[in-house]
Amino acid sequence: MKLVYPACFYPNKSGGYTAVVPDLLGCVTEGDTFPEAMEMAVDAASGWVLTSLEDGEDIPRASEINFVKADEYEGGFVSLIVLDMDSYAEKYGKKAVRKNCTIPAWLNTKAEAAHINFSAVLQEALQEKLIRN
């Protein structure tokens, strides 16, 4: 899933930029250069969204860029940032979910006797299946 949000960038008097993603309450970060601030904004916004998704919360819709004003501080401007949530979640996602599945009793008995980690096998199989598709 890719998401696009407007972000406000403000040059700092001491150099660098502060980035604010207005649609994501409290999502503020900084960078020593504009490219670094852009990267930090993407990372901060991705973390904000991932946390919301893992907590089962709705994520805010992005505002139209032409309705976002970066007039909080002098020299501010608005730019769009792109969040690749699939890549970010794969790298940083921590929350696990419980899944209930059914297998034949004989298979369960043999797998338990072999000390097989059912969760690990399911994760490996799902990842392999997703890679092939």
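The structure we're discussing is the one just above.
Residues numbered from 1 in each chain as written. Predicted model: local features only at pLDDT ≥ 70, side-chain atom pairs only at ≥ 80, totals over all residues. Heavy atoms only, no water.

Remarks on the overall build of the protein
Quick note on the threshold: Each helix corresponds to a stretch of at least 4 residues labelled H or I by DSSP, and each strand to a stretch of at least 2 residues labelled E; elements are numbered beginning at the N terminus. Only C-alpha atoms enter the radius of gyration, while the globule expectation follows 2.2 Å times N to the 0.38, with N the number of residues. Per-residue accessibility, obtained with a 1.4 Å probe over protein chains only, is compared with the maximum for each type, and a residue is labelled buried under 20%, exposed over 50%, and partly exposed between these values. The contact criterion used is simple: two residues touch if any of their non-hydrogen atoms lie within 4.5 Å. All accessible-area figures derive from a Shrake-Rupley calculation using a 1.4 Å probe, and residue coverage is judged against the displayed protein chains alone.
In terms of regular secondary structure, the protein is built from four helices and four strands. Taken over C-alpha atoms, the radius of gyration comes to 21 Å for the protein, far larger than the 14 Å a tight globule of 133 residues would show. With respect to the three principal axes, the spread of C-alpha positions in the protein is 70 × 25 × 25 Å. With 133 residues in all, the protein has 24% of them scored as buried. For the protein, the proportion of contacts with a sequence separation of at least 24, taken over those separated by at least 6, is 58%. Total accessible area on the protein stands at roughly 9900 Å², and carbon and sulfur atoms take up 54% of it.

Some details on the sheet that holds strand 2 (residues 17-20)
The condition is simple: For two strands to count as paired, DSSP must find a minimum of two bridges between them. A fitted line through C-alpha atoms serves as each axis, taken over the contacting stretch for helices, and the angle formed by two N-to-C directions is quoted from 0 to 180°.
With respect to topology, four strands assemble into an open sheet ordered 3-2-1-4, the strand pairing being antiparallel. The open sheet has two free edges, formed respectively by strand 3 (28-31) and strand 4 (77-84), since each of these has just one partner strand. The mean angle between the axes of side-by-side strands here comes to 35 degrees, regardless of whether they run parallel or antiparallel. Where strand 1 (residues 2-11) meets strand 2, four bridges bridge the pair, whose relative direction is antiparallel. Considered in strand 2, the bridge of phenylalanine 9 is made with alanine 19. On top of the sheet, helix 1 (residues 34-54) reaches strand 1, strand 2, strand 3 and strand 4; it is set at about 55 degrees to strand 4, its chief contact.

Thoughts on a nonpolar patch on the surface
Operational definition: Each patch is built from salt-bridge-free residues with over 30% relative accessible area, joining like charges within 9 Å and nonpolar side chains (Val, Leu, Ile, Met, Phe, Trp, Tyr) within 5 Å. By definition here, a salt bridge exists when the distance from a side-chain nitrogen of Lys or Arg to a carboxyl oxygen of Asp or Glu is within 4 Å.
Where nonpolar side chains cluster on the molecular surface, the patch consists of Val4, Ile65, Leu80 and Val82 and spans about 310 Å² of accessible area. With respect to the helices, strands and loops of the structure, isoleucine 65 is situated in the loop between helix 1 and strand 4. In this structure isoleucine 65 comes out as partly exposed when scored by relative accessible area, which is 37%.

Comments concerning the packing of helix 1 against helix 2 (residues 85-92)
Convention followed: Note on terminology: angles under 35 degrees are roughly parallel, angles over 145 are roughly antiparallel, angles of 65 to 115 are roughly perpendicular, and the others are oblique. Residues are grouped as follows: Ala, Val, Leu, Ile, Met, Phe, Trp, Tyr, Cys and Pro are nonpolar; Asp, Glu, Lys and Arg are charged; all remaining types, including Gly, are polar.
At their nearest, the axes of helix 1 and helix 2 sit 10 Å apart, and the two run at 75 degrees to each other. In terms of their interaxial angle, helix 1 and helix 2 are classed as roughly perpendicular. Here Asp43, Ser46, Gly47, Val49 and Leu50 of helix 1 come into contact with helix 2, specifically with Met85, Tyr88, Ala89 and Tyr92. Considering only residue class, the contact of helix 1 with helix 2 consists of six nonpolar, two polar and one charged.

Honestly, that's just the spatial picture; any functional story needs more than this.
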